[in-house]
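Here is what each chain is made of, one letter per residue.
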Amino acid sequence: MKFAVLQFFSWPGRRVPLHTVYQRALDRIRIMDGGGFDAVWLAEHHFSTYSVCPSVHIMGMHVADITRNLRIGTGVSLAAFYHPLRLAEEVALLDNLSGGRVNWGAGRGFDRTEMSAFGVSGDESYPRFRENVDIVQKAWQDGPLTYEGRFSSFRDIEVLPKPLQDPIPTWIATSSTGASDWAASLGHAILMSPHATHGEIQSQYAHYRTALAEHGHRHDRDIPIARLIAIAPTDAAAEAVARNGAQWTVDAYAGPRQGSKAERVEKYVNDVIIHGSPAKVVDELKRLEEEVPLDYLLASILSHETLLLLTDEVLPRM
């Protein structure tokens, strides 16, 4: 099993200076770099304290400068909100300056505030996202680009630099069967939501693999499975961390909301967050490894202690 971290830059209650949030996150990334992790995936969000990282590409460049081993994932570049050529340039430049360590994750986005601010309607966000992903990947190929699309048209434009990797490995964020089907039809790997239940992840992964085979593509790419995770010396202490994390997520997260706030918190604690002592978490990961199957854990950690125990006591047992 591979391990990576989905790094948010949450600012709950604005209780500390924002630069402290960044410094703590970067300190954790340094630990990951020497701790056997495969990658850090940086979460892009806008206009919310849920995660104050509006440019994963700028943040990725800083991460590249302070690390040597980690791959740098965009988790995700919200492609519908970018000019596609600018997006292609930024990711390719990051790939060059990081020594070819970029994992490009691309997503449509879901937050209506973000869509409205960037002038992208909900109805056009899907086709715009898919067109922009297509343009980015074509722009990375050798030579100039000529493209006629619904939203963008270019003639003889050469995007420079080209990526150092040929090609940059690409993942598509999916939270629906339609998105999984589109990714599978093109042979793209997928990223699944950390907010889905374990059962929903298992079902979506099975659907994706079936669709991938139906379209004649091999399953030969890592599929990072994002899970919120809380680890503490005792199960009770870890559950308290999980419950606090669930409360913050329910209060701050702008995704789909079903049920009362209390019901949503219980759903996170019982069905979404992996929590417990190191031994309990190892057992849970081994169970998910068989059931999902879980080959690549993309951990969204809910405390600093979680990262330390994951690094020192869980990874060595997996």
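My aim in this report is to walk through the structure given alongside it, one point at a time. (Residues numbered from 1 in each chain as written. Predicted model: local features only at pLDDT ≥ 70, side-chain atom pairs only at ≥ 80, totals over all residues. Heavy atoms only, no water.)

### Here we look at the overall build of the chain
And then number 1: For the chain, the count of helices and strands is 11 helices and 12 strands.
And then number 2: Against the compact-globule benchmark of 20 Å for 318 residues, the chain has a radius of gyration of 19 Å, which places it among compact chains.
And then number 3: Across the 318 residues that make up the chain, the buried fraction comes to 53%.
And then number 4: Considering only residue pairs separated by 6 or more positions, the chain has 73% of its internal contacts joining residues 24 or more positions apart.
And then number 5: Between the mean site of the 31 positive side-chain charges and the mean site of the 39 negative ones, the chain shows a separation of 3 Å. (Helix = DSSP H or I, 4+ residues; strand = E, 2+ residues; numbered from the N terminus. Rg over C-alpha atoms; globule rule 2.2 N^0.38 Å. Buried < 20%, exposed > 50% of the residue type's maximum accessible area, 1.4 Å probe, protein only. Contact = heavy atoms within 4.5 Å. Lys, Arg positive; Asp, Glu negative; His and termini not counted. Charge placed at Lys NZ, Arg CZ, Asp CG, Glu CD.)

### A look at empty space enclosed by the protein
And then number 1: Following the criterion strictly, the structure yields one cavity of 30 Å³ or more and no others.
And then number 2: What the largest cavity holds in volume is close to 30 Å³.
And then number 3: Lining the largest cavity are His 198, Ile 201, Ile 225, Arg 227, Leu 288, Val 292 and Leu 294.
And then number 4: Elements supplying a minimum of two residues to the lining of the largest cavity: helix H7 (198-214) and strand E10 (225-231).
And then number 5: Here the lining of the largest cavity is composed, by residue class, of five nonpolar, one polar and one charged. (1 Å grid on protein atoms, 1.4 Å probe; cavity = no way out; pocket = protein on both sides within 12 Å on 5 of 7 lines; lining within 4 Å. Points joined across faces, edges and corners; volume = space filled by probe spheres on them. Nonpolar A, V, L, I, M, F, W, Y, C, P; charged D, E, K, R; others polar.)

### Quick notes on the pattern of salt bridges
And then number 1: All chains considered together, the criterion is met by 12 salt bridges.
And then number 2: One salt bridge in this structure joins Arg 287 and Glu 284, with 2.6 Å as the shortest N-O distance. With Arg 287 and Glu 284 both in helix H10 (residues 278-291) and three residues apart, the pair spans about one turn of that helix. (Salt bridge = Lys/Arg side-chain N within 4 Å of Asp/Glu carboxyl O.)

### Focus on the packing of helix H2 (residues 56-66) against helix H3 (residues 84-97)
And then number 1: For the pair H2 and H3, the least separation of the axes is 10 Å and the interaxial angle reads 5 degrees. Here H3 runs roughly parallel to H2, going by the angle between their axes. Along the contact surface, H2 presents His 57, Gly 60 and Met 61, while H3 presents Leu 87, Glu 90, Val 91, Leu 94 and Leu 97.
And then number 2: When grouped by side-chain class, the residues that make up the contact of H2 with H3 number five nonpolar, two polar and one charged. (Axes fitted to C-alpha atoms, helices over the stretch in contact; angles between N-to-C directions. Parallel < 35°, antiparallel > 145°, perpendicular 65-115°, else oblique.)

### Things to note about H10
In an α-helix there are 3.6 residues to a turn, and that puts residues three or four apart on one side.
And then number 1: With 14 residues, H10 should cover 20 Å at 1.5 Å per step; its first-to-last C-alpha distance of 20 Å lies within 8% of that length.
And then number 2: Buried within H10 are the following residues: Pro 278, Val 281, Val 282, Leu 285 and Leu 288. In a view along the axis of H10, the buried residues occupy a sector of 130 degrees, so they form one face of it. When the buried face of H10 is taken as reference, the exposed residues oriented beyond 90 degrees from it are Asp 283 and Glu 290.
And then number 3: Summarising the contacts, the buried residues of H10 are in contact with strand E1 (2-7), H7, E10, strand E11 (274-276), strand E12 (296-301) and helix H11 (304-314). (Expected span 1.5 Å × (residues − 1). Arc of directions from axis to C-beta.)

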